[in-house]
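Below, each chain spelled out in residue letters.
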Amino acid sequence: MLRLILLPIIIVVWCTIGITQTNIHPTNPDVIPIWTGDYDPTDYIPSVGIADPDVIFQDLVQSLKPDNLKDCLIEMIPFHTRHTGSDTLSNTEGIGAARIWAHQKFESFNSTNGERLLVSYLQFDQEICSMGRHKNITATLPGVGPHRDEVIIIEAHYDSRCHEVCDIECQAHGMEDNASGSALVLELARVMSQYVLDRTIIFMLTIGEEQGLHGANALAQYCEDNDINVYAVLNNDIVGGIICGETASPPGCPGLNDIDSINVRLYSHGFIDSPSKGLARYVKLQYQDNVRDLMTVKPIVNVMGSEDRVGRGGDHIPFRERGYSAVRFTSANEHGSADTSDPEYHDRQHTEEDILGVDTDNDGVLDSFFVSFSYLNRNAILNGNAAISIAMSPETPTLESLDLTHEGLRVTWTSDIDCPQYAIGLRSETNDFDTLVYVTESPYFFKDLSDDQFYVVSVSCVDEYGIESLPSNDLFTFDAISSVQQVTQSHGVHLLQNRPNPFDDQTTIAVMVDQEFDYDTAEITVSTAQGQAIYTSPITLGKGINTIQYTHQSHRHQDGVYYYTLSIDGLPTETKTMVYAY
Ligand SMILES: [Zn+2]
């Protein structure tokens, strides 16, 4: 029997569709043709740039700098708060000063990298904490290959808050939540804007996350309305903390205030066949393939079961809700349930205490930090590596069928392009692959699989540089049963109606076969209306009509309806009913 696996499914109530946002548009109209793929790529091929994948991965690991991340965080402290409803007039404090600063950072990377990073606000109108107009900050690196109309988004929210959701006055440094993610996105834009990639990358800092994912929703809605082909979304929210919180998701955090500087948690929506979970697996696999060996400290990437931490949501969700694949990176510092109605509620993020660090010796210099710049840097490497891999990846094949045959589980796929190799992933009980096999052509047979295990299969194209496509659709071994039925039908294997029927003592059950085919065992099983098997007989299946005689044990089984089933190689293929009437 095939067993259904039950993973914990957490129903998250976050939903952004239906929010009233108007006038969503980029303030720099030059980015519009880039986002839709309607431009001449030669305009964005640099005179000096890095295009070789191996060189890019090495450069990424060497060029991303913990010290730059630290400097970036320190520069964000003087804003006092980055609350979505805070001051927009001051040049030094509040959300307005913060977004001008981030815009200028992106612009400086543009000018040092051959004017290839197009910077724009994404502006929208919506009433949030008495503020009516809001701006995400975006920086777009145009792709120069045939898939330049497909965009990859690396995002983090730059707004912050205190306990009260509309408190615009309190100090809200929001260093972990989410200056950490903002610094990561800025540092990636600095380093990656020198790379020459096939697909387009949008680096984005979002507003209004803390009041309901509003900034991310604005871009997701804009993409949907303007047919922008969003290929993948990487969301970074609380990605620098290594001090375990009270409710840190396992693995890696043994207890409160222990240190976990190794585990990275990748949250994504859906059950076993979700594209977002496929993206999370891809992020992990590409890390292992491309950059793990280059890193001194090697993170452990965990593909988590749920879309976000219990009771929480993030900026990946508005994209997933519109059918785009999206994942969230998060660190160990999870604390509390976010239930502000609970009088015992306390939180590490949405307070005045979410600061960068403390001055332990009173010399005016911070010397103990709550954000680990090395851990944050490793997260930046994981993000950059994933985005680069996706940006250079070949087209994804289509998994056509799984068939249970006497040679094993046959996996058949098609591809629009010729791939030097295909990677076939087999999964059973976890979100990770049990096995990945690399083969050159379809089909492939998995042999010696367990009969009582449920399997999920996907396939990827691997190009000449060893870069894999995003994984295909998933198929299950449940599907394989029905395709065995299709195979027997394609060979003209028909279970015929018994004769006579109704019957009073004996009846003949017949199977007609149009074409010889290979099999190991075939049998007819008779069962009661309640599903209890009362009789089994082998049957030989040659070309033509094949029969068995069934004698009913009338002293044991009463009048009524019975079922008879043909099974081939242990798998039921067809069932019919017959009536015993004495
Ligand atoms: Zn956050």
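Residues numbered from 1 in each chain as written. Predicted model: local features only at pLDDT ≥ 70, side-chain atom pairs only at ≥ 80, totals over all residues. Heavy atoms only, no water.

1. Things to note about the packing of aromatic side chains
Alright, step 1. This structure, assessed with the given rule, holds 12 aromatic pairs.
Alright, step 2. Ring centres 5.6 Å apart and planes at 55° place the aromatic pair Phe 503 and Tyr 580 in the tilted group. Taken as a pair, Phe 503 in the loop between β19 (493–495) and β20 (506–513) and Tyr 580 in strand β25 (residues 571–580) lie far apart in primary sequence, 77 residues in all.
Alright, step 3. Its relative accessible area of 2% is what places Phe 503 among the buried residues.
Alright, step 4. Classification of Tyr 580 as buried rests on a relative accessible area of 2%.
Alright, step 5. Considering the side-chain rings of Tyr 535 and Tyr 550, the 4.9 Å spacing of their centres and the 65° angle between planes classify their relative orientation as edge-to-face. Placement of the pair is Tyr 535 in strand β22 (residues 533–538) and Tyr 550 in strand β23 (residues 544–551), with a sequence separation of 15 residues.
Alright, step 6. The partly exposed category is assigned to Tyr 535, whose relative accessible area is 23%.
Alright, step 7. The class for Tyr 550 is buried, based on a relative accessible area of 2%. (Phe/Tyr/Trp six-rings, centres within 6.5 Å; stacked < 30°, edge-to-face > 60°. Helix = DSSP H or I, 4+ residues; strand = E, 2+ residues; numbered from the N terminus. Buried < 20%, exposed > 50% of the residue type's maximum accessible area, 1.4 Å probe, protein only.)

2. Looking at the pattern of salt bridges
Alright, step 1. For the structure on display, the rule yields 13 salt bridges.
Alright, step 2. Residue Asp 125 pairs with Arg 133 through a salt bridge whose shortest N-O separation is 2.8 Å.
Alright, step 3. Residue class for Asp 125 comes out buried when judged on its relative accessible area of 17%.
Alright, step 4. Its salt-bridge partner being Arg 320, residue Glu 307 comes within 2.8 Å of it at the nearest N-O pair. Here Glu 307, found in the loop between β8 (300–303) and α8 (317–321), pairs with Arg 320, found in helix α8; they are 13 residues apart in sequence, far enough to count as distant.
Alright, step 5. If you follow the salt bridges from partner to partner, you end up with Asp 237, Asp 308, Arg 309 and Arg 328 in one network. (Salt bridge = Lys/Arg side-chain N within 4 Å of Asp/Glu carboxyl O.)

3. Examining the domain arrangement of the protein
Alright, step 1. Entries for the protein in the domain assignment read domain 1 (24–392), domain 2 (398–483) and domain 3 (491–580).
Alright, step 2. Computed over C-alpha atoms, the centres of domain 1 and domain 3 are 61 Å apart. (Domains from an automatic or database assignment.)

4. Here we look at the nonpolar core
Alright, step 1. Ranked by size, the top nonpolar core spans 107 residues in total, and within it Phe 106, Met 192, Ile 201, Phe 203 and Phe 319 carry the most contacts.
Alright, step 2. Among the elements that line this core, the one with the most residues is helix α9 (residues 373–392), at 12 residues.
Alright, step 3. Ranked by size, the runner-up nonpolar core spans 21 residues in total, among them Val 511, Val 526, Ile 539 and Leu 541. (Core = buried A, V, L, I, M, F, W, Y, C linked by side-chain atoms within 4.5 Å.)

5. Topic: the pairing of β22
Alright, step 1. Sheet topology note: the strand β21 (residues 522–528)/β22 ladder contains five bridges and is antiparallel. Residue pairing for β22: Thr 525 is matched across the bridge by Thr 536.
Alright, step 2. The turn joining β21 and β22, which pair antiparallel and follow one another in sequence, is formed by four residues; a positive phi near 95° is taken by Gly 531. (Pairing = 2+ DSSP bridges.)

6. Things to note about the sheet that holds strand β1 (residues 22–26)
What holds strands together in a sheet is hydrogen bonding between their backbones, with the strands either parallel or antiparallel.
Alright, step 1. If you trace the nine strands from one edge of the open sheet to the other, you get β1-β2-β3-β5-β4-β6-β9-β7-β8, paired in mixed fashion. Two strands bound the open sheet, and with one partner strand each, they are β1 and β8. When the angles between neighbouring strand axes are averaged without regard to direction, this sheet yields 20°.
Alright, step 2. Two elements, strand β2 (residues 118–128) and strand β3 (residues 131–141), share nine bridges in a ladder whose sense is antiparallel. Note on β3: the bridge partner recorded for Val 119 is Ala 139. (Axes fitted to C-alpha atoms, helices over the stretch in contact; angles between N-to-C directions.)

7. Description of the side chain of Glu 187
Alright, step 1. Note on placement: Glu 187 falls in helix α5 (residues 175–192).
Alright, step 2. For Glu 187, a relative accessible area of 4% corresponds to the buried category.
Alright, step 3. Ignoring sequence-local partners within four residues, the contact set of Glu 187 consists of Ser 63, Leu 64, Lys 65, Asn 68 and Leu 69. (Contact = heavy atoms within 4.5 Å.)

8. Points about the coordination of the zinc ion
When four donors bind a metal tetrahedrally, each ideal donor-metal-donor angle is 109.5 degrees, and when six bind octahedrally, the ideal angles are 90 or 180 degrees.
Alright, step 1. Here the zinc ion is held by the protein donor atoms His 157 (NE2), Asp 177 (OD), Asp 237 (OD) and Asp 237 (OD), which lie 1.9 to 2.7 Å from it.
Alright, step 2. Taken together, the four donor atoms surrounding the zinc ion define angles of 52 to 150° at the centre, an arrangement classified as irregular.
Alright, step 3. Sequence spacing of the donors to the zinc ion: H-x19-D-x59-D. With His 157 in strand β4 (residues 150–157) and Asp 177 in helix α5, this residue pair connects regions lying 20 residues apart in the sequence. The same class applies to His 157 and to Asp 177, which are both buried. (Donors = N, O, S within 2.8 Å, 3.2 Å for Na, K, Ca; no water. Tetrahedral: all angles 85-135°; square planar, octahedral: opposite > 155°, others 65-115°.)

9. What about the sheet that holds β22?
Alright, step 1. With antiparallel pairing, the four strands of this open sheet are ordered in space as β22-β21-β24-β25. Here the strands that pair on one side only, and so sit at the sheet edges, are β22 and β25. Each adjacent strand pair in this sheet contributes to an overall mean axis angle of 20°, direction not counted.

10. Focus: the state of the cysteines
Alright, step 1. For the structure on display, the rule yields four disulfides.
Alright, step 2. Here Cys 129 pairs with Cys 166 through a disulfide, and the sulfurs are 1.9 Å apart. Judged by the torsion about the S-S bond (-75°), the Cys 129/Cys 166 disulfide is left-handed. Pair noted here: Cys 129 is in the loop between β2 and β3 and Cys 166 is in the loop between β4 and α5, with a separation of 37 residues, a long-range link.
Alright, step 3. A sulfur-sulfur distance of 2.0 Å marks the disulfide that ties Cys 419 to Cys 461. Of note, the bridge from Cys 419 to Cys 461 carries an S-S torsion of about -110° and is left-handed in sense. Here Cys 419 is found in the loop between β13 (408–414) and β14 (421–427), whereas its partner Cys 461 is found in strand β17 (residues 456–462), with 42 residues between them in sequence. The residues Cys 419 and Cys 461 share a single accessibility class, namely buried.
Alright, step 4. With cysteine numbering restricted to those in disulfides and following the sequence, the protein has the pairing 1-3, 2-4, 5-6, 7-8. (Disulfide = S-S within 2.5 Å.)

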